Amino acid sequence: MSSEVVFNLEYLTRLEESARTLESTPQQRSEMMFKAQREVDAYLEQLSLDHPTGWVIPPKETQGQDKLVQPGQYQVQSGPNQVQSGPDRAQSGPDRVQSGPDQVQSGPDQVQSGRGPHETEPLPIQENGVSIDEVLRDFSRIGNEMEREGHPGHMAYVPGNSTAPAAIGDFLAASFNPYSLNVASCRRAVKMQQMIVQWVGRLFGYPSACAGNLTSGGTVATMVAMTTARDHKVPRSKDYSRSVLYLSELTHDGVAKCLSTLGMREAVVRKVPVDDKYRMDVNILRKFIENDVQNNLLPFLVVATTGTTDVGSVDPVPAIRAVATQYNMWLHVDACYGGFFVLCNSAKHLFEGVETADSIAVDPHKGLYAPFGTGLVLVRNGTLLRNSNTRQHGNYMQDQLTNPEDWNPEDLTFEQSAHFRAPRVLLPLQLYGVATFRDALQEKLELAKYLYLRLKGQAHIQVVEPVLSTVLFRIPGVSDNTNRALLREITTDGRFFITTTTVKGVLYLRVIIFCYRTHRQDVDVFINKVKDAVVKMELPEVEFCHAG
Ligand SMILES: Cc1ncc(COP(=O)(O)O)c(C=O)c1O
């Protein structure tokens, strides 16, 4: 049996002519891209619906009893006829790729051999080019070797999901390739970006005087915001070593990492404990600050999270704002995971107070299903962001006709010559409309609630009530290893990918429902897997209370 995953290159090879020379027109390339995109999308859709998540389950102490489905063991011939989606997709028809028992191999070797076949290195870079068929066939192996973040069973980390229009937006951006950070080079490209920034600003209730930028991700968005906070609150570098940053114990690890990039490695970091709802404890925050002020330290920045990565909990922004104002501190809100749930009526109230934050980081490559590499930073008082980033232009730029009235993105970030990121966000929003994203996110909130209620009814399972789309559960009264064994039992056939996390010293299995392909029938299959796994583990009867 071949282990290769193949996708249909027919259209691409027919269009090879238009791709053969550097001088092909954007129109030719965009025609090719549309067709290529259709194929890739069909291929990914089919992989997502019929095949495992691509997660390599970590080996356990006693190997040899596990079955591990290797994604690379499927031969997938995808074409438009073979792809079905929608509610009845669970019934696979005769034309569809069948994944049967003969395609599953088990044993310690497979467990250790990693994801996919890994039998080849990428096609080498050579003096003379090869055919597009060869290039794309080589590239298609990546489908074997990746965790499929767009898979309905991928419920780990914060999965990224891209859409076809976003890929087309990227293709067009790369084809036209405007310099998008200065109106003198392309006013429309700048306007596209500004339109997204202002739209996101309005979602959170920011005034039009806000400014911001698309960035490569949430961490870079946070870094741009923190740079502005530093410049505004700690203008003298000799104060860096007595400056204090306040996080909660559930703040994303990328935030503290930014300090060293900002040249503030010596700054003090305080991790504030969370309360019984996993929110920053504001009383303790206040005590920490009072103590630091007494010790001649300089509290300058507090980060609240609206959607913690581990739990999905939301910090009390209004109360944190009040403390920040009292001590003249900058308040940054990390809305990278949770931010776009603000679109949903049932979740809007969770974002009350965010409009008072000095800055916000949010990730379109999470909640707007943009491809990886799409973050967004907003600063409430745009002038502060501009003051932090405006620079003296090089002499080679002296003939550029810029108007000081224009707010150029290059003066609102440390980046220059950045990827033209706007189309990958704007095209899907324009094509689908905002309602499509709202509905998809609302569905995820409801599925998380549904999962919680169904698990709550199960014997042996303790579950934490979700605030957003993340659900934590565990078997109480047993060891962490028994809970890890439960995870292995649930995920062993590769249909679902979840992880554990440890919160307040307790190990939980963590499920995040975020992929737009995840629907009720997937959650039902998941619930059955949990039930079966628990039965298989033959646990003694225990008494416990539900958390959350
Ligand atoms: C709450 C939160 N903040 C920040 C980040 C970092 O974002 P990025 O990976 O886009 O840099 C994440 C990523 O999952 C997150 O969940």
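This is a predicted model, so every value here is computed, not measured. (Residues numbered from 1 in each chain as written. Predicted model: local features only at pLDDT ≥ 70, side-chain atom pairs only at ≥ 80, totals over all residues. Heavy atoms only, no water.)

Asks: Please set out the overall build of the protein chain residue by residue, giving values where relevant.
Replies: Of regular secondary structure, the protein chain possesses 17 helices and 13 strands. Only carbon and sulfur atoms are counted for the fraction: they give 50% of the accessible area of the protein chain, which is about 24,500 Å². (Helix = DSSP H or I, 4+ residues; strand = E, 2+ residues; numbered from the N terminus. Areas by Shrake-Rupley, 256 points an atom, 1.4 Å probe, with all protein chains shown as cover.)

Asks: Go over the pairing of strand S13 (residues 506-512) with me, naming the residues and quoting the values.
Replies: Burial runs high along S13: 6 of the 7 residues are buried. Across 4 bridges, strand S11 (residues 470-474) lies against S13 in antiparallel orientation. Counterpart to phenylalanine 473 in the pairing with S13 is leucine 509. Where strand S12 (residues 499-503) meets S13, 5 bridges bridge the pair, whose relative direction is antiparallel. Bridging from a neighbouring strand, threonine 502 pairs with leucine 507 of S13. (Buried < 20%, exposed > 50% of the residue type's maximum accessible area, 1.4 Å probe, protein only. Pairing = 2+ DSSP bridges.)

Asks: Quick rundown of the packing of helix H8 (residues 218-233) against helix H13 (residues 382-389)? Include the residues and the values.
Replies: The interhelical angle for the contact between H8 and H13, taken along N-to-C directions, is 90 degrees, at an axis separation of 9 Å. The angle between H8 and H13 places the two elements in the roughly perpendicular class. Taken together, the residues of H13 that come into contact with H8 (itself represented by Val224, Thr227, Thr228, Asp231 and His232) are Leu384, Leu385 and Ser388. Among the residues making up the contact of H8 with H13, the classes are represented as 3 nonpolar, 4 polar and 1 charged. (Axes fitted to C-alpha atoms, helices over the stretch in contact; angles between N-to-C directions. Parallel < 35°, antiparallel > 145°, perpendicular 65-115°, else oblique. Contact = heavy atoms within 4.5 Å. Nonpolar A, V, L, I, M, F, W, Y, C, P; charged D, E, K, R; others polar.)

Asks: Outline the side chain of aspartate 406, supporting the account with residue identities and numerical values.
Replies: Counting through the fold element by element, aspartate 406 comes out in the loop between H13 and helix H14 (422-432). Once residues within four sequence positions are removed from consideration, aspartate 406 is found in contact with Val183, Arg187 and Arg386.

Asks: Lay out the site of the ligand in plain terms, naming residues and giving numbers.
Replies: The environment of the ligand is formed by 13 residues, the closest being Gly218, Thr219, Asp334, Asp363 and His365. Residue aspartate 334 places a side-chain N or O atom 2.6 Å away from a nitrogen atom belonging to the ligand. In this structure, an oxygen atom belonging to the ligand sits 3.3 Å away from a side-chain N or O atom of lysine 366. For the ligand, whose accessible area on its own is 390 Å², the fraction buried by protein is 84%. Those elements that place two or more of their residues in the shell around the ligand are H8 and helix H12 (364-367). (Near = heavy atom within 4 Å. Polar contact = N/O pair within 3.5 Å; in protein donor to acceptor, adjacent residues only side chain to side chain.)

Asks: So what's going on with empty space enclosed by the protein? Residues and values would help.
Replies: Under the definition given, this model contains 2 cavities of 30 Å³ or more. By volume, the largest cavity is sized at about 50 Å³. Together, Leu181, Gln193, Asn213, Leu214, Thr413, Glu415, Ala418, His419 and Arg421 line the largest cavity. For the lining of the largest cavity, the class distribution of residues is 3 nonpolar, 4 polar and 2 charged. (1 Å grid on protein atoms, 1.4 Å probe; cavity = no way out; pocket = protein on both sides within 12 Å on 5 of 7 lines; lining within 4 Å. Points joined across faces, edges and corners; volume = space filled by probe spheres on them.)

Asks: Can you break down the pairing of S11 residue by residue, with the values?
Replies: Here S11 lies mainly inside the structure; 5 of its 5 residues are buried. Bridge count for strand S10 (residues 462-464) against S11 is 3 bridges, and the pairing is antiparallel. Of the residues in S11, the one forming a bridge with glutamine 462 is arginine 474. Linking two consecutive strands that pair antiparallel, namely S10 and S11, is a turn of 5 residues.

Asks: Residue-level account of the packing of helix H10 (residues 282-294) against helix H11 (residues 317-326), with values.
Replies: With their axes 10 Å apart at the nearest point, H10 and H11 run at an angle of 15 degrees to one another. Our classification of the angle between H10 and H11 gives roughly parallel. The handedness of the crossing between H10 and H11 comes out as right-handed. Contact with H10, carried on its side by Val282, Leu285, Arg286 and Ile289, involves Ala319, Ile320, Val323 and Gln326 of H11 and no other residues of that element. (Left-handed = near helix turned anticlockwise from the far one by under 90°.)

Asks: Pulling in residues and values, what's your account of the sheet that holds S10?
Replies: Backbone-to-backbone hydrogen bonds pair the strands of a sheet. The strands run either parallel or antiparallel. The antiparallel open sheet is built from 4 strands, whose spatial order is S10-S11-S13-S12. The two strands at the open ends of the sheet, each matched to only one other strand, are S10 and S12. Ignoring which end each strand starts from, the neighbouring axes of this sheet average 35 degrees apart.

Asks: Give me the lowdown on the packing of aromatic side chains, citing residues and values where you can.
Replies: Within the structure shown, the criterion is met by 11 aromatic pairs. With a centroid separation of 5.3 Å and an interplanar angle of 90 degrees, the aromatic rings of tyrosine 157 and phenylalanine 497 are classed as edge-to-face. One end of the pair, tyrosine 157, is in the loop between helix H5 (132-140) and helix H6 (164-176); the other, phenylalanine 497, is in the loop between helix H16 (480-491) and S12, and 340 residues separate them in sequence. Overall, phenylalanine 497 belongs to the buried group, its relative accessible area being 0%. Connected via pairs of aromatic rings, a cluster forms that spans Tyr337, Phe341, Tyr369, Tyr432, Phe437, Phe514 and Tyr516. Here the basic side chain of arginine 386 rests over the ring of tryptophan 407, its NZ or CZ set 4.4 Å away from the ring centre. Against the face of tyrosine 508 rests arginine 474, its NZ or CZ located 5.7 Å from the ring centre. (Phe/Tyr/Trp six-rings, centres within 6.5 Å; stacked < 30°, edge-to-face > 60°. Lys NZ or Arg CZ within 6 Å of the ring centre and 35° of its normal.)

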